[in-house]
Amino acid sequence: MLRSHTCGELRLTDSGKTVTLCGWVQRRRDFGSMSFIDLRDRYGITQLSFNEDYKVELLESARSLAREFVIKIVGTVTERSNKNENLNTGDIEIVVDQLEILNASLTPPFTIEDDTDGGEEIRLKYRYLDIRRNPVKEKLTIRHAANKSIRHFLDGHDFIEVETPYLIKSTPEGARDFVVPSRLNENQFYALPQSPQTFKQLLMVSGLDRYYQVVKCFRDEDFRSDRQPEFTQIDCEMTFVERDDVLQIFENMIRGLFKESVNYDLGEIPVLTYAQALETYGSDKPDMRFGMTFNYLTQVAKGHDFGIFDNAECIIAINVTGGASMTRKEIDAITDYIKRPQIGAKGLIYCRVNEDGSYKSSVDKFFDQTALARWAEHCDSQPGDIMLVLSGDLQTTQKQLNELRLHVGDFMGLRDASQFKACWVVDFPLLEWDEETNRFHAMHHPFTSPIADDLSLIDIAPEKIRANAYDMAINGMEVGGGSIRIHDKKLQQRMFDLLGFTPEEAKSQFGFLMNAFEYGAPPHGGIAFGFDRLCAILTGTDSIRDVIAFPKNNMGRDVMIDAPSPISNDQRKELNL
Ligand code: ASP
């Protein structure tokens, strides 16, 4: 070992020890006859002191050091007169005896400090320097702790990790595949897996009983801030289980994860049906950190000659506790927010409940105090609150009010990134109609089992069938999803048929799975968690890029290694491209 200690571990009790430290020069401060250097490694920062009275030539070499030089020093741990409470090592410094430069450094393109002057693109280009910064390094450390906690839990519950292939078969279902040309099989392509779904089901047919894999998945989608073309899933599958068994096991896993990686007690995880989630929050991944649930005013607010309400399918309000103090300007800003084309609300109606119990609404012309009192009664509004109301067709209004709720939640400071609240959403529709292709799509995926009670609807109203599927959302973000699977060949065939596959298509794409179902396929179900997103939530960041060591930018490029990039003509020829 080149060093005796790290830069994060020496304390006052080590005073007098001779130590050897290695690290990077974070900063140098020169005073008349003395210099100080902050020496940094992964574990922390230790102050080095160089003093003219001690060794003049050492002071001179110290003054030749610039930021990010890699050095090794030998010195004595000494109590500091000027202690730094912000550092774990702040009570001591090392009075340096010997100094060796292990490597010089160019001036880094941005400052390697917690608050840096570098923009995202330059930091991605020099990601290895960015990772030297605490905020990035800490996120990767939490990611590691999260990974460890999950593996430990699953290992303790008899799950075994099995690796499934990365070079598989392209299928049109789901997102767009990344494809890899096969040199040995002319004009044929592998696809990179969007998930190991069919393989993990086959492992259940194999009798492995409980499988997991921390696995890279690939989806060639257009950019969105929380997506990466390659991402990591915690992928799991179990045999002989029903929905609630799966929910229970993975609820415990996630609870343990939060406890062990960020010492947070997640508490009970409520289960909402998809229908309830939409009705109460307008979202199938509700942010449960705050209330502001939906109140339906459709019955009480119609019939007051207010055309917008009278012509609407529904009128829904949220009550903002303490919101009466919002200024006109603030309400206008919120209104502008929901009128943006991405949300598309036509306008916002509001009603303040004044401290004296009277009401002041934006539609006073149509609604007198008695009428507004009925709104307040429905919304359980108290003096000091404000009701915000949207109307229109049900689906659109729920969606828009969800956006409004989240925005106002932010505005009121109710979406604190250090608080976590999870929920399960169950009973999703099995199918969703796609106007463009004029056929049904599987809302989850084609292997998801319908809820047994709804099977009778299969020939008469397939759109009404509920799936035996479940999602977990934390703080308004979907972090995981799964289902009890179909394990019966006939039902699987019927499902493909509903999804518009011809028997030949079903056979050529998924024949291997249906064959397997003929050899004693057990009932099974599973789930996959988006590990990057979980880590982003755990570390309180909005972007999953922050928790990935070497992420792609928003064009799907790795700007550090400059990929993707052209290949040579020879390579092309070999691949018949
Ligand atoms: N394979 C699914 C997905 O990637 C998850 C699952 O059903 O287990 O979304």
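Structural notes, computed from the coordinates. (Residues numbered from 1 in each chain as written. Predicted model: local features only at pLDDT ≥ 70, side-chain atom pairs only at ≥ 80, totals over all residues. Heavy atoms only, no water.)

## Here's the deal with the overall build of the protein chain
Then, in step 1: Broken down by element type, the protein chain carries 16 helices and 22 strands.
Then, in step 2: Every one of the 577 residues in the protein chain was classed for burial, and the buried ones make up 48%.
Then, in step 3: Summing over all exposed atoms, the protein chain offers an accessible surface of approximately 28700 Å²; the carbon and sulfur share of this is 48%.
Then, in step 4: Taking the average place of the 66 positive charges on the side chains of the protein chain and the average place of its 89 negative ones, the gap between the two points comes to 3 Å. (Helix = DSSP H or I, 4+ residues; strand = E, 2+ residues; numbered from the N terminus. Buried < 20%, exposed > 50% of the residue type's maximum accessible area, 1.4 Å probe, protein only. Areas by Shrake-Rupley, 256 points an atom, 1.4 Å probe, with all protein chains shown as cover. Lys, Arg positive; Asp, Glu negative; His and termini not counted. Charge placed at Lys NZ, Arg CZ, Asp CG, Glu CD.)

## Points about the sheet that holds strand 15 (residues 359-361)
Then, in step 1: Read across the open sheet, the five strands follow the order 12-13-16-14-15; overall the sheet is antiparallel. The two strands at the open ends of the sheet, each matched to only one other strand, are strand 12 (295-296) and strand 15.
Then, in step 2: Relative to strand 16 (residues 386-392), strand 13 (residues 314-320) runs antiparallel, the two being bridged by seven bridges. Its bridge partner lying in strand 16, Ala317 is registered against Val389. (Pairing = 2+ DSSP bridges.)

## Brief notes about the nonpolar core
Then, in step 1: Core analysis: the largest hydrophobic core is formed by 42 residues, its most contacted members being Leu154, Phe250, Ile254, Phe258, Ile474 and Phe529.
Then, in step 2: The greatest single-element share of this core, amounting to eight residues, is contributed by helix 6 (residues 243-262).
Then, in step 3: Each residue touching Leu154, except ones within four places of it in the same chain, is listed here: Phe159, Tyr212, Ile234, Cys236, Phe250 and Met253. (Core = buried A, V, L, I, M, F, W, Y, C linked by side-chain atoms within 4.5 Å. Contact = heavy atoms within 4.5 Å.)

## Topic: unusual backbone geometry
Then, in step 1: Ala563 connects to Pro564 through a cis peptide bond whose omega is 0°.
Then, in step 2: Turning to its location among the elements, Pro564 is positioned in the loop between helix 15 (531-538) and helix 16 (569-574).
Then, in step 3: The phi dihedral of Met292 falls on the positive side, at around 50°, and the residue is not glycine.

## Remarks on the side chain of Ser149
Then, in step 1: Looking at the secondary structure, you find Ser149 in helix 4 (residues 134-156).
Then, in step 2: A relative accessible area of 4% means that Ser149 is categorised as buried.
Then, in step 3: Look past the residues within four positions of Ser149 in its chain and what remains in contact with it is Gly256, Leu257 and Glu260.

## Considering the site of the ligand
Then, in step 1: Around the ligand, the structure places Ser195, Gln197, Lys200, Arg219, Gln233, His444, His445, Gly481, Gly482, Arg485, Ile527 and Ala528.
Then, in step 2: Here a nitrogen atom of the ligand and a side-chain polar atom of Ser195 are 3.1 Å apart.
Then, in step 3: In the complex, the protein chains occlude 87% of the 280 Å² of accessible area that the ligand would expose alone.
Then, in step 4: Listed by contribution, the elements that provide at least two residues to the shell around the ligand are helix 5 (197-205), strand 21 (477-484) and strand 22 (524-530).
Then, in step 5: Residues that form the shell around the ligand fall into these classes: two nonpolar, seven polar and three charged. (Near = heavy atom within 4 Å. Polar contact = N/O pair within 3.5 Å; in protein donor to acceptor, adjacent residues only side chain to side chain. Nonpolar A, V, L, I, M, F, W, Y, C, P; charged D, E, K, R; others polar.)

## Quick look at the packing of aromatic side chains
Then, in step 1: Enumeration according to the criterion identifies 21 aromatic pairs in this entry.
Then, in step 2: Ring centres 4.8 Å apart and planes at 75° place the aromatic pair Phe306 and Phe309 in the edge-to-face group.
Then, in step 3: Using a relative accessible area of 1% as the deciding quantity, one classes Phe309 as buried.
Then, in step 4: Between the aromatic rings of Phe306 and Phe367, the centroid separation amounts to 6.3 Å while the plane-to-plane angle is 80°, which identifies the pairing as edge-to-face. Remark: Phe367 occurs in the loop between strand 15 and helix 11 (369-379) and Phe306 occurs in the loop between helix 8 (298-301) and helix 9 (307-310); sequence separation between them is 61 residues.
Then, in step 5: Through pairs of rings, three or more aromatic residues link up here, namely Phe306, Phe309, Phe366, Phe367 and Trp375.
Then, in step 6: Between the NZ or CZ atom of Arg405 and the centre of the ring of Phe290, over which it lies, the distance is 4.0 Å. (Phe/Tyr/Trp six-rings, centres within 6.5 Å; stacked < 30°, edge-to-face > 60°. Lys NZ or Arg CZ within 6 Å of the ring centre and 35° of its normal.)

## Examining helix 4
Then, in step 1: For helix 4, built from 23 residues, the straight-helix expectation of 33 Å at 1.5 Å per residue is met to within 8% by its first-to-last C-alpha distance of 32 Å.
Then, in step 2: As for helix 4, its buried residues are in contact with strand 2 (34-41), helix 3 (127-130), strand 9 (210-218), strand 10 (230-239), helix 6 and helix 15.
Then, in step 3: Looking one or two residues beyond helix 4, the residue adopting positive phi is Asp158, at roughly 70°. (Expected span 1.5 Å × (residues − 1).)

## Considering the sheet that holds strand 4 (residues 70-79)
Then, in step 1: Taken in spatial order, the five strands line up as 1-2-3-5-4 and close into a barrel, and their pairing is mixed. When strand polarity is set aside, the average angle formed by the axes of neighbouring strands in this sheet is 55°.
Then, in step 2: By the bridge criterion, seven bridges tie strand 1 (residues 18-31) to strand 2 in an arrangement that is antiparallel. Following the sheet pairing, Val25 is matched in strand 2 by Leu39. (Axes fitted to C-alpha atoms, helices over the stretch in contact; angles between N-to-C directions.)

## Digging into the packing of helix 4 against helix 6
Then, in step 1: As a packed pair, helix 4 and helix 6 sit with axes 9 Å apart at the nearest point and diverge in direction by 140°. Here helix 4 runs over helix 6; the crossing is right-handed. Between helix 4, through Ile142, Ala145, Ala146, Ser149, Ile150, Phe153 and Leu154, and helix 6, the contact on the second element is made entirely by Ile249, Phe250, Asn252, Met253, Gly256, Leu257, Glu260, Ser261 and Val262.
Then, in step 2: Counted by class, the contact of helix 4 with helix 6 contains eleven nonpolar, four polar and one charged residues. (Left-handed = near helix turned anticlockwise from the far one by under 90°.)

## Topic: a nonpolar patch on the surface
Then, in step 1: Taken together, Val179, Phe189, Ile567 and Leu577 make up a surface patch of nonpolar side chains, about 360 Å² in accessible area.
Then, in step 2: By secondary structure assignment, the location of Phe189 is in strand 8 (residues 188-191). (Patch = residues over 30% accessible without salt bridge, like charges linked within 9 Å, V, L, I, M, F, W, Y side chains within 5 Å. Salt bridge = Lys/Arg side-chain N within 4 Å of Asp/Glu carboxyl O.)

## A few points about the environment of Lys360
Then, in step 1: Here Lys360 shows up in strand 15.
Then, in step 2: Judged by its relative accessible area of 41%, Lys360 falls in the partly exposed class.
Then, in step 3: Sequence separation between Lys360 and Thr232 is 128 residues, and the spatial gap between their C-alpha atoms is 51 Å.
Then, in step 4: A distance of 2.9 Å separates the side chain of Lys360 from the side chain of Asp364, its partner in a polar contact.

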